[in-house]
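Observations on the model geometry
This is what each chain is made of:
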Amino acid sequence: MPESVEHLYIHIPFCHRVCPYCSFYKHTPGNTDLVSFVQALLHELTLHQRHLSIKPKTIFFGGGTPTALSETHLNTLLSGLRELTDLSQLQELCLEANPKTVNASKARLLHDHGVTRVSLGVQAWDEPTLKLLGRDHAPDEAEETYDVLRDAGIPSVNLDLMFSIPKQNLAVWKEGLEKTIALQPDHVSCYNLTYEEDTEFLAQHRQGKLDADGDRDADHFYTAIDLLTAAGYEHYEISNYAKPAHRSIHNQAYWRGANYLGLGPSAYSTYQKSRWKNIADTTDYIRLISEQRVPIVETEDLTEKQWLMERVALELRTAEGMSEKRVDASLSDTLKTLVEEKLIDHRDGQIRLTRTGKGLTDRIAEMLLPD
Ligand code: SF4
């Protein structure tokens, strides 16, 4: 009997406007046949069910912008999932959303389908930063969408923010955090802007038009920790803060290395130490599914070293830290030095980053891996 998959990721690749910093697989809906797309997602699920036992504890719709789908399509998708899978163990049903893509009626539909969590891409609360990011919403539109989600009774709402954006000074970032705290979301994610491959932002960065600044990164990162923890949010992962009982269950499972199945174009899946990726082309994805073929284009078996690197990189970022068993005995002196330098806390068999260490997560993870 195969191990069951308890976590589903569903990729909806549509965005009304493409942001210049974004490296995810996404595109405008254009002339995509959305009825066929939704049917393809449901059909892909049934193809996997032939050899996998799927009983989700969490379902996460990411993208792209899942709420770019109309109410009709969301209704078909969410009803279809309920018909095709056993949701008796479901603890979290989460969708990513963008301002302007959720009105009161869509929010009610999500609520009525049992959506427990919505993650709203606010990114910034000031016009100049939103403009630089190429976002298609104004600050008050993000607030309106947040209110709509609240009014519909969505049990847990996350606000996504970005920091260390060129020209975003510390005062602006602080004001954005204060505005966020005033709204009292259940969860806040704060992501450091990075210049990703194949993005317009990377090209502009290379041309010297957009800067990167390590000091600005650190100032913004620690300001977020200080303001959000003082406001009652637990800093439970480097980029994530939650009110009690509002941690993301899906993301925690991913960080712990649970099996997950990804549906939709470009989606990754990991089962035991096997990883595969779906084709990153919506038209080809729909065609392959219509031919009864799984749309997988890359498969790899993770080596022990790759697996360990991922575990260390992801677990070290969490408040629980990682087990000392992950660290090779040959690195005991490195561990000692990191403790002496107050970058890690090594207690009860766990290794956790200190406040100072949190600003150097990637470097510390590298130091704790054998060559
Ligand atoms: S809305 Fe989100 S997924 Fe879409 S382009 Fe912008 S950042 Fe990327």
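The next thing to look at is the packing of helix α1 (residues 34–49) against helix α2 (residues 71–84). For the pair α1 and α2, the least separation of the axes is 10 Å and the interaxial angle reads 15°. Considering the angle they form, α1 stands roughly parallel to α2. α1 and α2 meet at a crossing whose hand is right-handed. Contacts between α1 and α2 involve Leu34, Val35, Val38, Gln39, Leu41, Leu42, Leu45, Thr46 and Gln49 from the first element and His73, Thr76, Leu77, Gly80, Leu81 and Leu84 from the second. Classifying every residue of the contact of α1 with α2 gives 9 nonpolar, 6 polar and no charged.

Along its sequence, the protein is carved into domain 1 (4–256) and domain 2 (307–367). Taking only C-alpha atoms into account, the centre of domain 1 sits 28 Å from that of domain 2. Every contact between the two is made by 13 residues of domain 1 and, on the other side, 13 residues of domain 2. For the pairing of domain 1 and domain 2, the buried interface totals around 1100 Å² over both sides, and the portion due to carbon and sulfur atoms is 47%. Considering only the surface of domain 1 that becomes buried against domain 2, Tyr222, Ile238 and Trp255 emerge as the three largest contributors, covering 45% of it. One salt bridge connects Arg247 with Glu320, and the closest N-O pair in it is separated by 3.0 Å.

What follows deals with the sheet that holds strand β8 (residues 240–242). By way of backbone hydrogen bonds, the strands of a sheet pair with one another, either parallel or antiparallel. Across the sheet, which stays open at both edges, the 9 strands sit in the order β7-β8-β6-β5-β4-β3-β2-β1-β9 with mixed pairing between neighbours. Edge strands, defined here as strands with exactly one partner in the open sheet, are β7 (234–237) and β9 (261–263). Strand-to-strand twist in this sheet, taken as the mean axis angle between neighbours without regard to direction, amounts to 25°. With 4 bridges connecting them, strand β2 (residues 53–63) and strand β3 (residues 92–97) associate as parallel partners. Along β3, the bridge assignment pairs Thr58 with Glu92.

By volume, the second largest pocket amounts to about 170 Å³. Around the second largest pocket, the lining is made up of 14 residues, and of these Gly257, Ala258, Thr270, Gln272 and Trp307 lie nearest the centre. Per element, the largest residue contribution to the lining of the second largest pocket is 4 residues, and it comes from helix α11 (residues 304–315). Grouping the constituent residues of the lining of the second largest pocket by class yields 6 nonpolar, 4 polar and 4 charged.

Their axes nearest at 10 Å, the elements α2 and helix α3 (residues 104–112) cross at an angle of 5°. Taken together, the axes of α2 and α3 lie roughly parallel to each other. Of the residues in α3, those touching α2 at Glu71, Leu74, Asn75 and Leu78 are Ser105, Lys106, Leu109 and Leu110. Per-class residue counts for the contact of α2 with α3 are 4 nonpolar, 2 polar and 2 charged.

Moving on: the environment of Lys305. Checked against the element boundaries, Lys305 lands in helix α11. The partly exposed category is assigned to Lys305, whose relative accessible area is 46%. Remark: the alpha-carbon pair of Lys305 and Leu77, spanning 228 residues in sequence, is separated by 38 Å. Every residue in contact with Lys305, bar those within four places of it in the chain, is listed here: Pro370 and Asp371.

Definitions and limits used
- Residues numbered from 1 in each chain as written.
- Predicted model: local features only at pLDDT ≥ 70, side-chain atom pairs only at ≥ 80, totals over all residues.
- Heavy atoms only, no water.
- Axes fitted to C-alpha atoms, helices over the stretch in contact; angles between N-to-C directions.
- Helix = DSSP H or I, 4+ residues; strand = E, 2+ residues; numbered from the N terminus.
- Parallel < 35°, antiparallel > 145°, perpendicular 65-115°, else oblique.
- Left-handed = near helix turned anticlockwise from the far one by under 90°.
- Contact = heavy atoms within 4.5 Å.
- Nonpolar A, V, L, I, M, F, W, Y, C, P; charged D, E, K, R; others polar.
- Domains from an automatic or database assignment.
- Buried area = accessible area lost by both parts, 1.4 Å probe.
- Salt bridge = Lys/Arg side-chain N within 4 Å of Asp/Glu carboxyl O.
- Pairing = 2+ DSSP bridges.
- 1 Å grid on protein atoms, 1.4 Å probe; cavity = no way out; pocket = protein on both sides within 12 Å on 5 of 7 lines; lining within 4 Å.
- Points joined across faces, edges and corners; volume = space filled by probe spheres on them.
- Buried < 20%, exposed > 50% of the residue type's maximum accessible area, 1.4 Å probe, protein only.

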